[in-house]
Amino acid sequence: MQIPTLIDNIEGNTLQKVLESLLVKSVNLDIATGTFEIGAFLSLGKTWQHLDGIRLLMGDETTKRTKDHLIKALQEATDANIESEKEQDDALHGLAAVRDAIRRGQIVVRVYDQAKFHAKLNLMHAQNSSPVDFATIGSSNFTRPGLTQNVELNSFVTDATHIEKLKDWYGARWEESSEVREELLRTIQRHLREYPPFTVYAKSLHTYFRGREKPADEWEEKSQ
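Cut-off values and rules
Residues numbered from 1 in each chain as written. Predicted model: local features only at pLDDT ≥ 70, side-chain atom pairs only at ≥ 80, totals over all residues. Heavy atoms only, no water. Helix = DSSP H or I, 4+ residues; strand = E, 2+ residues; numbered from the N terminus. Expected span 1.5 Å × (residues − 1). Buried < 20%, exposed > 50% of the residue type's maximum accessible area, 1.4 Å probe, protein only. Arc of directions from axis to C-beta. Contact = heavy atoms within 4.5 Å. Polar contact = N/O pair within 3.5 Å; in protein donor to acceptor, adjacent residues only side chain to side chain. Salt bridge = Lys/Arg side-chain N within 4 Å of Asp/Glu carboxyl O. Phe/Tyr/Trp six-rings, centres within 6.5 Å; stacked < 30°, edge-to-face > 60°. Lys NZ or Arg CZ within 6 Å of the ring centre and 35° of its normal. Pairing = 2+ DSSP bridges. Axes fitted to C-alpha atoms, helices over the stretch in contact; angles between N-to-C directions. Core = buried A, V, L, I, M, F, W, Y, C linked by side-chain atoms within 4.5 Å.

Novice: Please clarify how helix α6 (residues 160-175) should be interpreted in this entry.
Specialist: Counting along an α-helix, one turn takes 3.6 residues, and residues three or four places apart therefore face a common direction. Here α6 contains 16 residues, and its C-alpha end-to-end distance of 23 Å stays within 8% of the 22 Å for a straight helix at 1.5 Å per residue. Considered for burial, the residues of α6 that qualify are Ile-163, Leu-166, Tyr-170, Arg-173 and Trp-174. The buried residues of α6 occupy an angular sector of 100° when projected down its axis, which confines them to one face. Set apart from the buried face of α6 by more than 90 degrees, the exposed residues are Ala-160, Thr-161, Lys-165, Asp-168 and Glu-175. Against β2 (26-33), β3 (53-58), β4 (107-111), β5 (121-126), β6 (134-138) and β7 (154-157) lie the buried residues of α6. The N-terminus of α6 is capped by Asp-159, whose side-chain oxygen sits 3.2 Å from the backbone nitrogen of Thr-161.

Following this line, the structure appears as structure tokens:
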């Protein structure tokens with residue numbers, strides 16, 4: 001695939017396709033994103049799973065700037081995103097791979113709590129067979145809509161001077177951030193927990209009949 005200079009998600013020119021093409025030539029990936037959704041990893045399938053390491057640095061689209069608030073916002077957003085992903089894929093294919101990658105440190109997620117963080121960058125360290133490293137920088141958050149749906153504007157960068165500047169910038173921001181590994185794992189694991197068939201059946205019945213119960217006075221009237 002020939003990588004376009006500008007990536008806008010219009011007429012198939014999606015950032016997801018670009019990343020899928022570039023990741024197969026990469027050994028590491030550094031991501032900066034204002035907001036993060038697990039669905040972005042799921043939409044990329046297995047294209048990231050061979051990488052030696054992924055660093056993901058995120059902010060949160062809120063005004064309060066404390067670590068606890070950022071972590072809570074991340075957990076709530078991840079919960080909501082996973083529930084949304086279930087509508088497309090009940091089995092949540094790929095979620096276990098994300099969890100395992102976080103557990104073994106292949107994926108490391110940090111939140112930036114020094115100021116409002118609104119940066120969007122995908123910085124890829126290429127395999128030895130490639131003469132240059134590469135990056136995309138622009139408006140797309142690392143979310144499924146940001147990679148595929150929203151009208152965005154991202155640039156494809158290979159210039160060595162620019163890449164080195166981006167590496168320096170990312171490294172500095174990374175050192176200023178806070179890791180959220182355990183909090184994120186707890187949220188993901190809750191959705192991957194397996195339940196006994198009877199528990200699932202009982203929950204289904206409870207959900208089905210919720211709101212259908214007749215009040216006691218209605219039962220009494222019909223029994224007379």
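This is not the end of the story, as more comes after the structure.
Novice: How should I be thinking about the pattern of salt bridges in this particular structure?
Specialist: Any two side chains of opposite charge can pair, given that their charged atoms come close. Scanning all chains against the criterion turns up 5 salt bridges. In this structure, Asp-100 and Arg-103 form a salt bridge, with 3.9 Å as the shortest nitrogen-oxygen distance. Here Asp-100 pairs with Arg-103, and both are found in helix α4 (residues 95-103), just 3 residues apart, close to one helical turn. For Glu-176, the salt bridge is made with Arg-173, and the minimal N-O distance between the two is 3.1 Å. Given the relative accessible area of 32%, Glu-176 is considered partly exposed. One salt-bridge network, in which partners are shared between bridges, spans Asp-133, Glu-164 and Lys-167.

Novice: Just checking my understanding: could you explain the packing of aromatic side chains for this structure?
Specialist: Working definition: an aromatic ring pair is given by the centre-to-centre distance plus the angle between the planes. Scanning the entire structure with this criterion turns up 7 aromatic pairs. Relative to Trp-174, the ring of Tyr-170 lies with its centre 6.0 Å away and its plane at 20°, an arrangement referred to as stacked. Here Trp-174 and Tyr-170 lie together in helix α6, a separation of 4 residues that amounts to about one turn. Exposure remark for Tyr-170: the relative accessible area of 0% places this residue in the buried category. The exposure class assigned to Trp-174 is buried, which follows from its relative accessible area of 6%. Cluster of aromatic residues (ring-pair linked, three or more members): Phe-36, Phe-41, Trp-48 and Phe-142. Over the aromatic face of Trp-174 sits the side chain of Arg-55, whose NZ or CZ is 5.1 Å from the ring centroid.

Novice: I keep staring at the pairing of β6 and nothing clicks. Help me out?
Specialist: The pairing of β5 with β6 spans 4 bridges and is classified as antiparallel. Note that in β6 the partner of Leu-123 across the bridge is Ala-135. Here 4 bridges tie β6 to β7, and the two strands are oriented antiparallel to one another. Directly across from Ala-135, in β7, lies its bridge partner Val-157.

Novice: Looking at this structure, I do not really get the sheet that holds β3. What am I missing?
Specialist: What links the strands of a sheet is backbone hydrogen bonding, and the strands pair in either a parallel or an antiparallel sense. On the basis of which strands lie adjacent, the open sheet formed by 8 strands has the order β1-β7-β6-β5-β2-β3-β4-β8 and mixed pairing. Each edge of the sheet is formed by a strand with only one pairing partner; in this case those strands are β1 (6-7) and β8 (178-179). Judged from the 5 bridges that link them, β3 and β4 form a sheet pairing that is parallel. Opposite Arg-55, over in β4, you have Val-108 as the bridge partner. Contacts from helix α1 (residues 15-23) reach β1, β2, β5, β6 and β7 within the one sheet, and its direction differs from that of β5 by about 20°.

Novice: Just checking my understanding: could you explain the nonpolar core for this structure?
Specialist: Generally speaking, a soluble globular protein has its nonpolar side chains buried in company with each other. With 33 residues, the main nonpolar core has Phe-41, Trp-48, Ile-107 and Phe-142 as its most contacted residues. Contributing elements (two or more residues each) for this core: α1, β2, α2 (38-43), β3, α4, β4 and β5. Discounting chain neighbours no more than four positions away, the residues touching Phe-142 are Leu-19, Ile-31, Thr-33, Thr-35, Phe-36, Glu-37, Ala-40, Phe-41, Leu-44, Leu-56, Asn-122 and Leu-147. Among the nonpolar cores identified, the runner-up in size contains 13 residues, and Phe-117, Leu-121, Ala-135 and Ile-163 belong to it.

Novice: Hey, could you run me through the pairing of β7 in this one?
Specialist: The sheet contact formed by β1 and β7 spans 2 bridges and is antiparallel. Among the inter-strand pairings, Ile-7 is bridged to a residue of β7, identified as Asn-154.

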